[in-house]
Amino acid sequence: MTDTQTNSNSTTKADWTSDQEVRWCPGCGDYSILTALQMLMPEMDVDREKTVFISGIGCAARFPYYMNTYGMHSIHGRAPAIATGLALARPDLDVWVVGGDGDMLSIGGNHLVHALRRNININILLFNNQIYGLTKGQFSPTSEVGKVTKSSPIGLIAKPLNPLSVAIGSEATFVARTHDMDRAHMQGMFRRAYEHPGASFVEVLQNCNVFNDGAFDAITKKDVRADMLIDLHHGEPILFGAEKQFGVVASDGEVSIANVNEVGSDSILVHDESREDPSRAFALSRLSETPYTPTPVGVFRAVERDEYSVSLKSQIDSVVEGQGAADLNELLHSLPTWEV
């Protein structure tokens with residue numbers, strides 16, 4: 001979010017860990033995400049009493065129970081809406097939203113889009129395991145075509161949503177992707193999201209080892225990451241591979257992967273996360289259709305735009321200045337009808 005706060009007393013991971021027993025399936029990727037945040041908070045020197053985690057419904061939505069902060073386990077898909085109200089009423093708070101791909105993109109898709117387009121000062125973490133875990137294995141909005149699940153027994157026919165494309169299409173001012181197998185990378189993305197003024201959106205590729213185990217193994221396993229993860233760095237050529245032998249090139253508004261020796265290093269696209277036009281970031285979000293081909297991770301977009309609560313306060317102040325302070329007593333005792 002905005003400026004980091006200073007605590008009178010420094011904290012440790014233990015201070016950010018609640019007394020609640022963590023109840024996820026053993027081996028769930030949610031554990032590593034939780035640990036990454038509990039360890040990051042003391043490093044950022046933020047205040048527990050000014051930190052709030054809001055979630056919807058789903059496995060990821062248990063998150064507020066396990067952070068020793070204020071929090072709310074809200075209703076399905078509505079976490080961004082509730083967080084919006086809190087962020088506007090209390091702009092001094094650090095508001096985090098946590099949800100899964102089903103919670104955020106199915107029943108909650110509408111709320112997610114509008115929180116992002118309005119640039120509400122909240123940090124949204126979407127855990128994407130491409131399945132409904134809490135309800136035992138139905139397909140989700142991010143499940144791939146052909147996926148056999150309890151609710152698609154002969155294979156899913158609907159094209160999945162791409163969370164980053166949805167966020168960038170909503171003109172979110174900060175959009176990033178990370179994965180649950182790399183704590184340092186997660187913490188880097190979470191820190192960048194926190195430091196960004198306005199709405200930030202981070203997709204976390206997260207393994208569900210019970211209902212969709214290994215969904216991202218082809219790109220996140222340690223022995224394949226160099227050739228399968230395209231790590232985006234602002235101002236640097238987009239190269240990847242054990243010897244940086246591959247790169248991303250742009251042509252006619254689209255991006256594709258090329259062999260550096262074949263196209264030349266001068267042809268490799270230089271990443272610009274601050275580019276105002278979202279089309280390049282959108283193209284990068286579409287580079288990988290499935291988690292079986294080289295996939296970009298890192299910050300896709302980070303641009304500056306007026307944060308919603310600041311603009312709202314400015315608008316209210318201008319009205320009050322022009323009309324004078326409102327009389328609440330007069331309003332309460334006014335007649336219930338008006339002549340037009």
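Above: the structure in question.
What you see is a predicted model; the values in this text were computed from it and never measured.

Any chance you could explain the sheet that holds strand S8 (residues 239–240) here in plain terms?
Two strands in a sheet stick together by hydrogen bonds in their backbones, pointing the same way (parallel) or opposite ways (antiparallel). Taken in spatial order, the three strands of this open sheet run S8-S9-S10, and their pairing is antiparallel. The sheet is open, and its two borders are formed by S8 and strand S10 (254–259), each paired with just one other strand. Of the pairings in the sheet, the one linking strand S9 (residues 246–251) to S10 comprises six bridges and is antiparallel in character. By the bridge assignment, Val 248 is partnered in S10 with Ile 257.

Would you explain the sheet that holds strand S11 (residues 295–302) in this entry?
Taken in spatial order, the eight strands make up an open sheet running S2-S1-S3-S4-S6-S5-S11-S7, and their pairing is mixed. Since the sheet does not close on itself, it has two edges, and those belong to strand S2 (70–73) and strand S7 (229–232), each with one partner. Within the sheet, the average angular offset between the axes of one strand and its neighbour, ignoring direction, is 20 degrees. Across five bridges, strand S3 (residues 94–100) lies against strand S4 (residues 123–128) in parallel orientation. Considered in S4, the bridge of Val 98 is made with Leu 125. Those strands touched by helix H7 (residues 183–195) are S3, S4, strand S5 (174–179), strand S6 (200–205), S7 and S11, and its axis lies near 165 degrees from that of S5.

Where do I start with the packing of aromatic side chains in this structure?
The geometry of two aromatic rings is summed up by the distance between their centres and the angle between their planes. Across all of its chains, the model carries nine aromatic pairs by this definition. Pairing Phe 63 with Phe 127 gives two aromatic rings, centres 5.8 Å apart and planes at 75 degrees, and the pair type is edge-to-face. On the criterion of sequence distance, the pair formed by Phe 63 in helix H2 (residues 63–66) and Phe 127 in strand S4 is long-range, its members being 64 residues apart. Of the two residues examined, Phe 63 and Phe 127, each falls in the buried class. An aromatic cluster is defined as three or more aromatic residues linked by ring pairs; in this entry it consists of Trp 24, Tyr 31, Phe 53, Phe 63, Tyr 65, Tyr 66, Trp 96, Phe 127 and Tyr 194.

Help me out: how do you make sense of the packing of helix H3 (residues 79–89) against helix H5 (residues 109–118) in this one?
A pair of packed helices can be characterised by two numbers: the angle between their axes and the separation between those axes. Packing of H3 against H5 leaves a shortest axis separation of 7 Å and a crossing angle of 35 degrees. Counted together, Pro 80, Ala 81 and Thr 84 of H3 and His 111, Leu 112 and Ala 115 of H5 form the full contact between these two elements. Of the residues assigned to the contact of H3 with H5, the class counts are four nonpolar, two polar and no charged.

Explain H5 to me, please; I cannot follow it from the model alone.
What sets the pattern is the α-helix's 3.6 residues per turn: residues three or four places apart point alike. Within the sequence span of H5, burial applies to Gly 109, Leu 112, Ala 115 and Leu 116. Viewed end-on, H5 has its buried residues packed into an arc of 135 degrees, placing them on one side of the element. Buried residues belonging to H5 abut H3, helix H4 (101–107), S4, helix H6 (163–169) and S6. Downstream of H5 by one or two residues, Asn 119 has phi in the positive range, about 65 degrees.

What counts, and at which threshold
Residues numbered from 1 in each chain as written. Predicted model: local features only at pLDDT ≥ 70, side-chain atom pairs only at ≥ 80, totals over all residues. Heavy atoms only, no water. Pairing = 2+ DSSP bridges. Helix = DSSP H or I, 4+ residues; strand = E, 2+ residues; numbered from the N terminus. Axes fitted to C-alpha atoms, helices over the stretch in contact; angles between N-to-C directions. Contact = heavy atoms within 4.5 Å. Phe/Tyr/Trp six-rings, centres within 6.5 Å; stacked < 30°, edge-to-face > 60°. Buried < 20%, exposed > 50% of the residue type's maximum accessible area, 1.4 Å probe, protein only. Nonpolar A, V, L, I, M, F, W, Y, C, P; charged D, E, K, R; others polar. Arc of directions from axis to C-beta.

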